[in-house]
Amino acid sequence: MFFLAAEGGETSHNPIVPVWQELVVGGVAFAVLCFVLMKFVFPRMEQTFQARVDAIEGGIKRAEAAQAEANQLLEQYRAQLAEARTDAAKIRDDARADAEGIRQDVLAKAREESDRIIAAGKEQLAAERATIVRELRTEVGTIAVDLASKIVGESLADEARRKGTVDRFLSNLESTGAR
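Here, residues in each chain are numbered from 1, in the same order as that chain's written sequence. It should be noted that, the model being predicted, local features are given only for residues of pLDDT at least 70 and side-chain atom pairs only at 80 or more, the latter also being counted only at that level, while totals for whole chains, interfaces and linings use all residues. The side-chain numbers reported here are obtained from all heavy atoms of the structure, hydrogens and water having been left aside.

Asker: With reference to specific residues and values, describe the overall build of the chain.
Answerer: Secondary structure elements follow DSSP: runs of H or I of four or more residues count as helices, runs of E of two or more count as strands, with numbering from the N terminus. Within the chain one finds 3 helices and 0 strands. Listed by position from the N terminus, the elements making up the chain come as α-α-α. Between buried and exposed lies partly exposed: a residue is buried under 20% and exposed over 50% of the maximum accessible area for its type, with that area taken using a 1.4 Å probe on protein chains only. In the chain, which comprises 179 residues, the share counted as buried stands at 3%. Only the protein chains shown count as covering a residue, and every accessible area follows the Shrake-Rupley method with a 1.4 Å probe. A total accessible area of about 15,600 Å² is found for the chain, and carbon and sulfur atoms account for 62% of it.

So, in structure tokens, the structure goes:
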């Protein structure tokens, strides 16, 4: 281009106004560049931007879903915890009631055993008392007969007489002791 300008020598070129051939080449190059950008680059960039938007929105949706699931699990946990507390309180109350029942059974059995031991002791005491009274009657009778024989001076060897005398004497003692 400068070559044409150098040959012609007489026209002077205005630096502000470009040469028309440069405008055509620049326009064609610009059109090709725009075509390539619009056909290949911009769709690719749009896909990348859309993928980013989808990833961000999907991440937000996944976070919301995870938050909702976490809230649901938390509510389930709280419900299970409340149910477990209720069950524990029921078990504790049942155990207390069972313990009280066992306590009452043990006390009743202890009372029955105590009453049985006391009754057996009273029976044994009554039997021992009867045995002692019988032995004492015999012994007191023998001593009384010996003493009466010495005082009276005659032998009270007759068994029937001796037994009647002793029984009468002991009956008199019991009647005077009862007053």
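Asker: Any details on the pattern of salt bridges? Residues and values, ideally.
Answerer: Salt bridges are defined by distance alone: a side-chain nitrogen of Lys or Arg within 4 Å of a carboxyl oxygen of Asp or Glu. Counting across every chain of the model gives 5 salt bridges. Across the pair Arg96 and Asp93 runs a salt bridge, and its minimum N-O distance is 3.8 Å. Taken together, the positions of Arg96 and Asp93, both in helix H2 (residues 20-152) and 3 residues apart, correspond to about one turn of that helix. For Arg96, a relative accessible area of 54% corresponds to the exposed category. Exposure remark for Asp93: the relative accessible area of 43% places this residue in the partly exposed category. Arg116 is the partner of Glu113 in a salt bridge, and the nearest nitrogen-oxygen pair spans 2.4 Å.

Asker: Hey, could you go over the UniProt feature "transmembrane region" (unreviewed entry) in the chain for me, with residue numbers and the actual values?
Answerer: Under the UniProt annotation, the feature "transmembrane region" (unreviewed entry) is placed at residues 23-42. With 100% helix and 0% strand, residues 23-42 has end C-alpha atoms that lie 26 Å from one another. UniProt positions are given in the numbering used here, feature names are shortened, and annotations may be inferred rather than shown by experiment.

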